[in-house]
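Residue-level structure breakdown
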Amino acid sequence: MTWVWDHIDELLATSWEHLGLALVPVLVGLLISIPLGWVAHRYRTARAILVPASSLLYTIPSLALFVLMPLVLGTRILDPINVMAALTLYTIALLVRTVADALDAVSRDTVAAATAIGYGPTRRFFAVEFPLSVPVLVAGVRVAAVSNISLVSVGAIIGVGGLGFYLTHGSQLSPPNYAEIIAGIVLIVLLALLVDALLALLGRFITPWTRARAGVHG
């Protein structure tokens, strides 16, 4: 416990760094996944290609992908962009199917009604289909965010920052610094729980009709 209090400022700063490495890829991956997911939802042939391809991408071990990124991007091995680029790919791999499934879940009767009153494809997507798909989409984003917070820790093996540093550094000492290791693990878990809770609240806030529907049925 003494070690934790002696390094509290460092732990907090590293936690912020860890969040940045994990959540920026979620945002970028989401922005890329929305149009890809829409294409997969709209065209059966595209879905048959995009969904299996994204699933295959997610099977690549994170450490291998972190090491591969400098060769693809031309960056230094210790550049944080390598971890962020790899996690963006993992986010896309998770969310392409989620976006397609979320749009599939929108009632066809609702889409037909919007079309009948004069909504064109673009307006219908942004005003009707996408908003109604948000509850399912938020669930997928929560999974991606928690997954990324965990995977950032692996980056410590190649020397990239984040709370994973305390796991590797603490275990390499002789004797191991268990306070350092436990502090890193606890903070990673707390960040994952906090981000998941905040995203759940955000999802409820931006979809007030789901709360109203729940109240009616309750």
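See the structure printed just above.
All residue numbers here refer to positions counted from 1 along the written sequence of the relevant chain. Local features are withheld for residues below a pLDDT of 70 in this predicted model, meaning they are given only at 70 or higher, and side-chain atom pairs are given and counted only at 80 or more; totals for whole chains, interfaces and linings count all residues. The side-chain figures draw on all heavy atoms in the structure; neither hydrogens nor water molecules are used.

Digging into the overall build of the protein
Only DSSP runs of H or I reaching four residues or more are called helices, and only runs of E reaching two or more are called strands; each is numbered from the N terminus. When helices and strands are tallied, the protein shows 10 helices and zero strands. Mapped from its N terminus to its C terminus, the protein presents α and β elements in the order α-α-α-α-α-α-α-α-α-α. Dimensions of the protein along its principal axes, counting C-alpha atoms only, are 70 × 45 × 20 Å. The Shrake-Rupley method, run with a 1.4 Å probe sphere, supplies the accessible areas, and residue values consider only the shown protein chains as cover. With an accessible surface of roughly 11,900 Å², the protein has 71% of that area assigned to carbon and sulfur atoms. Neither His nor the chain ends contribute to the count of charged residues, in which Lys and Arg are positive and Asp and Glu negative. Where a charge lies is defined by one atom per residue type, namely NZ (Lys), CZ (Arg), CG (Asp) and CD (Glu). Here the protein holds 12 positive side-chain charges and 11 negative ones, and the gap between their average locations is 20 Å.

Notes on the packing of aromatic side chains
Stacked, tilted and edge-to-face pairs are distinguished by plane angle, under 30 degrees for stacked and over 60 for edge-to-face with tilted covering the rest, among Phe, Tyr and Trp rings (Trp via its six-membered ring) whose centres lie within 6.5 Å. Summed over all chains, the structure comprises six aromatic pairs. Centre to centre, the rings of Trp-3 and Tyr-166 are 6.0 Å apart; their planes meet at 80°, and the pair counts as edge-to-face. Of this pair, Trp-3 sits in helix H1 (residues 2–6) while Tyr-166 sits in helix H8 (residues 164–172), and the two are 163 residues apart along the sequence. Taken as a pair, Trp-3 and Tyr-166 share a single burial class, namely buried. Ring centres 5.7 Å apart and planes at 40° place the aromatic pair Phe-125 and Phe-130 in the tilted group. The buried label applies to any residue whose accessible area, calculated with a 1.4 Å probe on protein chains only, is under 20% of its type's maximum; exposed applies above 50%, and partly exposed to all values in between. Looking at Phe-130, the relative accessible area reads 22%, which means it is partly exposed. Here the aromatic residues Trp-3, Phe-165 and Tyr-166 are joined through ring pairs into a cluster of three or more.

Notes on the pattern of salt bridges
The salt bridge definition used is simple: a Lys or Arg side-chain nitrogen within 4 Å of an Asp or Glu carboxyl oxygen. Summed over the entire model, instances satisfying the criterion amount to four salt bridges. A salt bridge links Arg-47 to Asp-101; the nearest nitrogen and oxygen atoms lie 2.7 Å apart. With a gap of 54 residues between them, Arg-47 in helix H3 (residues 44–58) and Asp-101 in helix H5 (residues 80–104) connect regions that are remote in the sequence. Overall, the relative accessible area of 24% leaves Arg-47 in the partly exposed class. What you see here is one network of salt bridges that share partners, running through Arg-47, Asp-101 and Asp-104.

Brief notes about the side chain of Ser-54
Secondary-structure assignment places Ser-54 in helix H3. Since its relative accessible area comes to 7%, Ser-54 is described here as buried. Here a residue-residue contact requires only that any non-hydrogen atoms of the pair lie within 4.5 Å. The contact partners of Ser-54, leaving out residues within four places of it in the chain, are Ile-92, Ala-93 and Val-96.

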